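Summary of the model geometry
As a plain string of letters, each chain reads:
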Amino acid sequence: MKRLFSWILISLVTLSAFAASPTQTLPIVYLNTTNNQAITSKDYYIGASLYITSAQSSYPALGSNTAPVACQVKGRGNWTWNGFDKKPYKIKFDVKQSVLGMPNNKHWCLMACADDGLGFLKMPAGFAISEAVGLRWTPRMRPVELVLNGKYQGLYFLTEHVRIASNRVKIKEQANGETQTDLLNGGWLVEIDNYESENNITFTEGNGQHVMVSLKEPDSLSTQQRQYIENQLYSLNEALYGSSIETLKSRLDLTEAAKYYLVQEIMEDCESYHGSCFLYKDRDSLGVTDKWKFGPVWDFGNAYNRHEEKWIYINPTFDQYWIGQLAQWPEFQQKVKEQWYLFYHNHKDAVRDDIRALADQIETAAKNDAEVWRNTQNYCDNSNFSDVRDRFFRRYDWRINWLYSQWGEGIRPSTEGIENPAGTSSDMHSRKILRNGQILILRNGRTYSLDGRLVE
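Treat the numbers as computed from the prediction; the structure is a model and nothing was measured.

**Side note on the packing of aromatic side chains**
The full count for this structure, using the stated rule, is 22 aromatic pairs. Aromatic side chains tryptophan 81 and tyrosine 89 sit 6.4 Å apart centroid to centroid with 75° between the ring planes, which places their arrangement in the edge-to-face category. Residue tryptophan 81 is classed as buried on the basis of its relative accessible area of 8%. We classify tyrosine 89 as buried; its relative accessible area is 5%. Aromatic pair tryptophan 188 and tyrosine 228: ring centres 6.1 Å apart, planes at 20°, arrangement stacked.

**Points about the sheet that holds strand β10 (residues 210–217)**
The five strands are arranged β9-β10-β8-β11-β12 in an open sheet whose pairing can be described as antiparallel. A single partner strand is all that each edge strand has here, and the edge strands are β9 (201–204) and β12 (293–294). Summarising the sheet, strand β8 (residues 188–193) and β10 pair through five bridges and their orientation is antiparallel. Residue pairing across strands places aspartate 193 opposite methionine 212, the latter belonging to β10. Along the sheet, helix α4 (residues 223–240) makes contact with β8, β9, β10 and β11 (277–281), crossing β9 at roughly 30°.

**Description of the packing of helix α9 (residues 348–373) against helix α10 (residues 385–407)**
Two numbers describe how α9 lies on α10: the axes approach to 10 Å, and their chain directions differ by 160°. Considering the angle they form, α9 stands roughly antiparallel to α10. The chirality of how α9 crosses α10 is right-handed. Each of Lys348, Val351, Arg352, Ile355, Arg356, Ala359, Asp360, Ile362, Glu363, Ala366 and Lys367 in α9 lies in contact with α10, whose residues at this interface are Phe385, Arg389, Asp390, Phe392, Phe393, Tyr396, Asp397 and Ile400. Grouping the amino acids of the contact of α9 with α10 by side-chain chemistry returns 10 nonpolar, no polar and nine charged.

**So, the nonpolar core**
Of all hydrophobic cores here, the largest spans 93 residues; its most connected members are Tyr261, Ile266, Phe294, Leu326, Phe332 and Phe343. With nine residues, α10 is the single largest residue contributor to this core. If we ignore the near neighbours within four places in the chain, the residues touching phenylalanine 343 are Ile129, Ala132, Val133, Leu262, Ile266, Lys348, Val351, Tyr396 and Ile400. Ranked by size, the runner-up nonpolar core spans 28 residues in total, among them Leu31, Leu100, Val144 and Leu158.

**Some words on the pattern of salt bridges**
Taken as a whole, this structure holds 16 salt bridges when the rule is applied. As a salt-bridge pair, glutamate 265 and arginine 399 come within 2.4 Å of each other at their nearest N and O atoms. With glutamate 265 in helix α6 (residues 254–266) and arginine 399 in helix α10, the pair connects residues that are 134 residues apart, well separated along the chain. It is possible to trace a salt-bridge network through shared partners that takes in Arg140, Glu160 and Arg168.

**What about helix α8 (residues 330–346)?**
The terminal C-alpha atoms of α8 lie 24 Å apart, and with 17 residues this matches the ideal 24 Å at 1.5 Å per residue to within 8%. All of the buried residues in α8 are Phe332, Lys335, Val336, Glu338, Gln339, Trp340, Tyr341, Leu342, Phe343 and Tyr344. Residues of α8 that are buried sit in contact with α3 (122–133), α6, α7 (323–326), α9 and α10.

**Notes on the pairing of β10**
Of all eight residues that make up β10, six are buried, and the element is covered over most of its length. Sheet analysis places β9 next to β10, joined by four bridges and oriented antiparallel. Along β10, the bridge assignment pairs threonine 202 with methionine 212.

**Topic: the side chain of asparagine 185**
Relative to the elements of secondary structure, asparagine 185 occurs in the loop between β7 (151–160) and β8. Excluding residues that lie within four positions of it along the chain, asparagine 185 makes contacts with Tyr228, Lys281, Asp282, Arg283 and Asp284.

**Quick notes on the pairing of strand β5 (residues 102–111)**
Of all 10 residues that make up β5, seven are buried, and the element is covered over most of its length. Bridge count for strand β4 (residues 89–99) against β5 is six bridges, and the pairing is antiparallel. By the bridge assignment for β5, lysine 90 is matched with cysteine 109. With antiparallel pairing between neighbouring strands as the criterion, β4 and β5 make up a hairpin whose turn holds two residues, including leucine 100 at a positive phi of roughly 50°. Across four bridges, β5 lies against β7 in antiparallel orientation. If you follow cysteine 109 over to β7, its bridge partner there is threonine 159.

**Digging into the packing of α3 against α6**
Direction vectors running N to C along α3 and α6 enclose 145°, while the axes themselves pass 9 Å from each other. Handedness of the crossing formed by α3 with α6: right-handed. Listed contacts from α6 to Gly126, Ile129, Ser130 and Val133 of α3 are Lys259, Leu262, Val263 and Ile266. Class assignment for the residues of the contact of α3 with α6 results in five nonpolar, two polar and one charged.

**Things to note about α3**
Between its first and last C-alpha, α3 extends 17 Å over 12 residues, near the 16 Å set by a 1.5 Å rise per residue. In the segment just after α3, glycine 134 is the residue with positive phi, at about 90°.

**Topic: the environment of glutamine 153**
Among the secondary structure elements, glutamine 153 is positioned in strand β7. Sequence spacing of glutamine 153 and proline 22 is 131 residues, and the spatial spacing of their C-alpha atoms is 8.6 Å. Those residues in contact with glutamine 153 that sit more than four places away from it in its chain are Lys86, Leu146, Leu148, Asp369, Val372 and Trp373. A distance of 3.2 Å separates a polar side-chain atom of glutamine 153 from the backbone oxygen of lysine 151.

Rules and cut-offs
- Residues numbered from 1 in each chain as written.
- Predicted model: local features only at pLDDT ≥ 70, side-chain atom pairs only at ≥ 80, totals over all residues.
- Heavy atoms only, no water.
- Phe/Tyr/Trp six-rings, centres within 6.5 Å; stacked < 30°, edge-to-face > 60°.
- Buried < 20%, exposed > 50% of the residue type's maximum accessible area, 1.4 Å probe, protein only.
- Pairing = 2+ DSSP bridges.
- Helix = DSSP H or I, 4+ residues; strand = E, 2+ residues; numbered from the N terminus.
- Contact = heavy atoms within 4.5 Å.
- Axes fitted to C-alpha atoms, helices over the stretch in contact; angles between N-to-C directions.
- Parallel < 35°, antiparallel > 145°, perpendicular 65-115°, else oblique.
- Left-handed = near helix turned anticlockwise from the far one by under 90°.
- Nonpolar A, V, L, I, M, F, W, Y, C, P; charged D, E, K, R; others polar.
- Core = buried A, V, L, I, M, F, W, Y, C linked by side-chain atoms within 4.5 Å.
- Salt bridge = Lys/Arg side-chain N within 4 Å of Asp/Glu carboxyl O.
- Expected span 1.5 Å × (residues − 1).
- Polar contact = N/O pair within 3.5 Å; in protein donor to acceptor, adjacent residues only side chain to side chain.

Structure below.
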């Protein structure tokens, strides 16, 4: 009996140690707040520093235990901040940093993905599909383990924050309080939102739904800016419910809209077009009006939750704004089927392979994460990782197969029929070039494939 008791005690101690320390299979983020202050607000930053060890990856480390990098930290998210014990965080460095091979910026997110019961694979899959279909920018992310004020927090994803920057949403930034008329027309980054905020713009959709749009940048508006962006959103809403496809096409980039929608439909994201749904518009240039574009993608916490053979805008779990009406336009349906053709033939298997490789990479840390957060608020059990991983792939395959039953192989795009191959109506000078036997589009010094993907 004493030997049995000793074995049980040793097992419990071993399990506790396992759950309380990093697995060393991923880069480790060591984040320390000033005086170990608790992070209790998503509105106010507190002082902090961090360093990242990266012995198990090809990415360079950042800082060190003796020379950490100065930053600030606060909470982030809405439901993910309030509804879970495992919290997401927003990091702001004092000086721009390149982090784990991602381009320089001050602003980063530590995504907890606590609402993902499919092996932490939903957000990476949504981002991978976005990259595959060629949306103009998809946030980069890296799986990491987080140690906060000396306490192990489990598996996180260090992710680029959605904001205007040369290496993120690449548009001309709108200055705070701008009043000069010819500068008001761009760039704007907005979000179809479901939470009240100070600068929300509200209007009634053509079907009677009440829509809220929040402005991500700029931070403060002049009267002229407010009037401009309100008029833009009202006009876009009217065009969606109007009778002229030419009017709609003059305001909305249908190709980018089709790519964005395809990502949401493949992921069966029942909360898309409800919140975390971004749109942006660059500044008009050389007399050409830039169009609104959907993107970038962001939240996939409610992907694959409904599991129904329906379009995401049919009897949605959450109100879906604009997409139900947009989907009625034959020209939009044509664009979607063209993008589906490209994805189905070129990317569906590669995305699957990439996510399986990621699953292998994070498996040990995901199991550790399950031990850390077991019996906490709204806990998603990923401890049986092989089971939840396989369940994710069954959902992915099921959705691909259902979309195939609706669209078949889609419609093969013609070279001349692709609207805006480079994805921006303000590029005035373009030509086709031949490189390694492949036809590419050269626009303003940047090279794109025929389906609009940036070729580095």
